[in-house]
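Breakdown of the fold
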Amino acid sequence: MNHHMRITVTPNILRYWWGQLNKQYFHSALPVPTFKVARMDYVGLYSNDPYGIVGAGTITVSLRVSTRGAMLATLAHEMLHQLQDLQGRPMVHGRFFNVVGRRISRKLGASIL
């Protein structure tokens, strides 16, 4: 897979790759979130569902993300926050996040931390 390939991120592209990553790295455990692409200061954001559905929040990726590798790393990072939400864990970059994040980074071939 060419991680340097330039792409235009769209919600449909995020949905497709989220499905692939969910199967490959999260054992299809994550519920489908809402996907958004927006201008923002950071590259990605996972936010809780406003109606309290655990794990089914929104993944937003910045318009600044312009390569397949950056998109996959950002998406996997936000999916790890989604897993924290689903499991009732604090959504912080603590020990759990770093241990699981390093494992996914090795398999993905790109750092998600």
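Before any of the text, the structure's been laid out above.
Residues numbered from 1 in each chain as written. Predicted model: local features only at pLDDT ≥ 70, side-chain atom pairs only at ≥ 80, totals over all residues. Heavy atoms only, no water.

**Thoughts on the overall build of the protein chain**
How we decide: Secondary structure is summarised from DSSP: a helix means a run of H or I of at least four residues, a strand means a run of E of at least two, and numbering begins at the N terminus for each. Between the two quantities, the radius of gyration covers C-alpha atoms and the globule rule is 2.2 Å times the number of residues to the power 0.38. Relative accessible area decides the class of each residue, using a 1.4 Å probe on protein chains only: under 20% of the type maximum gives buried, over 50% gives exposed, and in between gives partly exposed. It only takes one pair of heavy atoms within 4.5 Å for two residues to be counted as in contact. Residue-level accessible areas treat just the shown protein chains as cover; the underlying method is Shrake-Rupley with a 1.4 Å probe. Charged residues are defined here as Lys and Arg on the positive side and Asp and Glu on the negative side; His and the ends of the chain fall outside this count. Lys charges are placed at NZ, Arg charges at CZ, Asp charges at CG and Glu charges at CD.
What the protein chain contains, in helices and strands, is three helices and three strands. Beginning at the N terminus, the succession of helices and strands in the protein chain can be written as α-β-β-β-α-α. Its C-alpha radius of gyration of 13 Å places the protein chain within 12% of the 13 Å reference for a compact globule of 113 residues. Expressed as lengths along the three principal axes of its C-alpha atoms, the size of the protein chain is roughly 35 × 30 × 25 Å. Looking at the protein chain as a whole, 45% of its 113 residues are labelled buried. The contacts in the protein chain between residues at least 6 apart in sequence include a share of 56% that link residues at least 24 apart. Put simply, the protein chain shows about 6400 Å² of open surface, and 54% of that area lies on carbon and sulfur atoms. The average position of the 13 basic charges and that of the 4 acidic charges among the side chains of the protein chain differ by 12 Å.

**Looking at the pairing of strand E2 (residues 44-47)**
This is how the line gets drawn: DSSP bridges decide pairing: two strands pair if at least two such bridges lie between them.
Of the two faces of E2, the one lined by Gly-44 and Tyr-46 is fully buried and the one lined by Leu-45 and Ser-47 carries no buried residue. When E2 meets strand E3 (residues 58-62), the two strands line up antiparallel, connected through four bridges. Paired with Gly-44 across the bridge in E3 is Val-61.

**A closer look at unusual backbone geometry**
One non-glycine residue, His-27, lies in positive phi territory at about 55°. Take His-27: it is sitting in the loop between helix H1 (11-26) and strand E1 (34-38). His-27 sits in the exposed class, given a relative accessible area of 71%. Phi is positive for Ser-28, close to 55°, though the residue is something other than glycine.

**Some words on the packing of aromatic side chains**
What counts here: Pairs were defined over the aromatic rings of Phe, Tyr and Trp, the Trp ring being its six-membered one, requiring ring centres within 6.5 Å. Orientation was assigned from the angle between planes: stacked under 30 degrees, edge-to-face over 60, tilted for the rest.
In total, this model carries two aromatic pairs according to the counting rule given. Seen in terms of ring centroids, Tyr-16 and Trp-17 are 5.1 Å apart; in terms of plane orientation they differ by 85°. Their pairing is edge-to-face. When the centroid spacing of 6.1 Å and the interplanar angle of 70° are considered together, the rings of Trp-18 and Phe-35 count as edge-to-face. In this pair, Trp-18 is assigned in helix H1 and Phe-35 in strand E1, connecting sequence segments 17 residues apart.

**Concerning helix H2 (residues 68-86)**
Spelled out, the test is: Expected helix span is given by 1.5 Å per residue-to-residue step, counting one fewer step than there are residues.
A rise of 1.5 Å per residue sets the reference length of H2, with its 19 residues, at 27 Å; its end C-alpha atoms lie 26 Å apart and thus fit the reference within 8%. With 17 of its 19 residues buried, H2 lies for the most part within the structure. The first or second residue beyond H2 is Gly-88, which carries a positive phi of 75°.

**Things to note about the nonpolar core**
Using the following cut-off: Each nonpolar core is a collection of buried residues, namely Ala, Val, Leu, Ile, Met, Phe, Trp, Tyr and Cys, held together in the definition by side-chain atoms within 4.5 Å.
In terms of nonpolar packing, the biggest core is built from 27 residues, with Leu-21, Ile-59, Met-71, Leu-75 and Met-79 touching the most fellow members. Elements supplying a minimum of two residues to this core: H1, E3, H2 and helix H3 (95-108).

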